[in-house]
Amino acid sequence: MLTQSKIFWRCVFRFKAVFNCVVSVVFMIWDDQIRDWLHTPHVDPINRTLFLSLAFAFGLGYWWVGREPERNRDIARMGVFGQLSVFVISLYAVAFAPQPLPWQLIVPGVVDLTFAIAFTIFLWRHQSAASRTSDS
């Protein structure tokens with residue numbers, strides 16, 4: 001039986017999965033135009049493709065977590081690390097780099113930070129539930 005909590009977490013992970021996959025495809029197709037619009041330098045196309053393919057793969061992983069969140073905690077844990085990495089690198093590139101990028105480029109990093117926090121809450125709550133079960 002699905003509880004409200006399980007339905008909620010499934011939706012959270014599936015939303016992030018769709019977000020990752022859609023954003024990856026959008027940037028794969030329109031990255032040059034977006035960079036022109038933001039007046040930012042173009043990146044090496046191989047590195048861009050490598051990053052975006054990994055972002056898409058993370059999206060697939062989040063979809064799998066959304067199917068069975070309790071059984072896929074390690075993927076969620078990996079997601080926390082990956083999303084925090086994206087946030088920290090984005091923050092550095094926008095605020096601290098010698099040639100800072102436009103502030104708009106922090107938006108995907110903030111989205112990832114938000115989901116890293118959500119995934120951490122999921123892991124904490126489900127770890128606590130597992131501990132209570134094993135303690136009794």
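Scroll up to find the structure.
Residues numbered from 1 in each chain as written. Predicted model: local features only at pLDDT ≥ 70, side-chain atom pairs only at ≥ 80, totals over all residues. Heavy atoms only, no water.

Caption draft 1: Local environment of the nonpolar core. Counting residues in each nonpolar core, the largest one holds 14 residues, and the members touching the most others are Trp9, Phe13, Ala76, Phe119 and Phe122. When residues of this core are traced back to their parent elements, those giving at least two are helix H1 (4-38), helix H2 (45-67), helix H3 (73-96) and helix H4 (107-135). For this core, the element with the most residues is H4, which contributes six residues. Those residues in contact with phenylalanine 119, other than ones at most four positions away along the chain, are Val12, Phe13, Lys16, Tyr62, Ala76, Val80 and Gln83. (Core = buried A, V, L, I, M, F, W, Y, C linked by side-chain atoms within 4.5 Å. Buried < 20%, exposed > 50% of the residue type's maximum accessible area, 1.4 Å probe, protein only. Helix = DSSP H or I, 4+ residues; strand = E, 2+ residues; numbered from the N terminus. Contact = heavy atoms within 4.5 Å.)

Caption draft 2: Representation of the environment of serine 90. Mapped onto the fold, serine 90 is located in helix H3. Put simply, serine 90 and methionine 1 are 89 residues apart on the chain and 40 Å apart in space, counted from C-alpha to C-alpha. Setting aside its immediate chain neighbours within four residues, serine 90 contacts Leu105, Ile106 and Gly109. At 2.8 Å, the side chain of serine 90 and the backbone oxygen of valine 86 are in polar contact. (Polar contact = N/O pair within 3.5 Å; in protein donor to acceptor, adjacent residues only side chain to side chain.)

In short, geometric facts, not functional conclusions.
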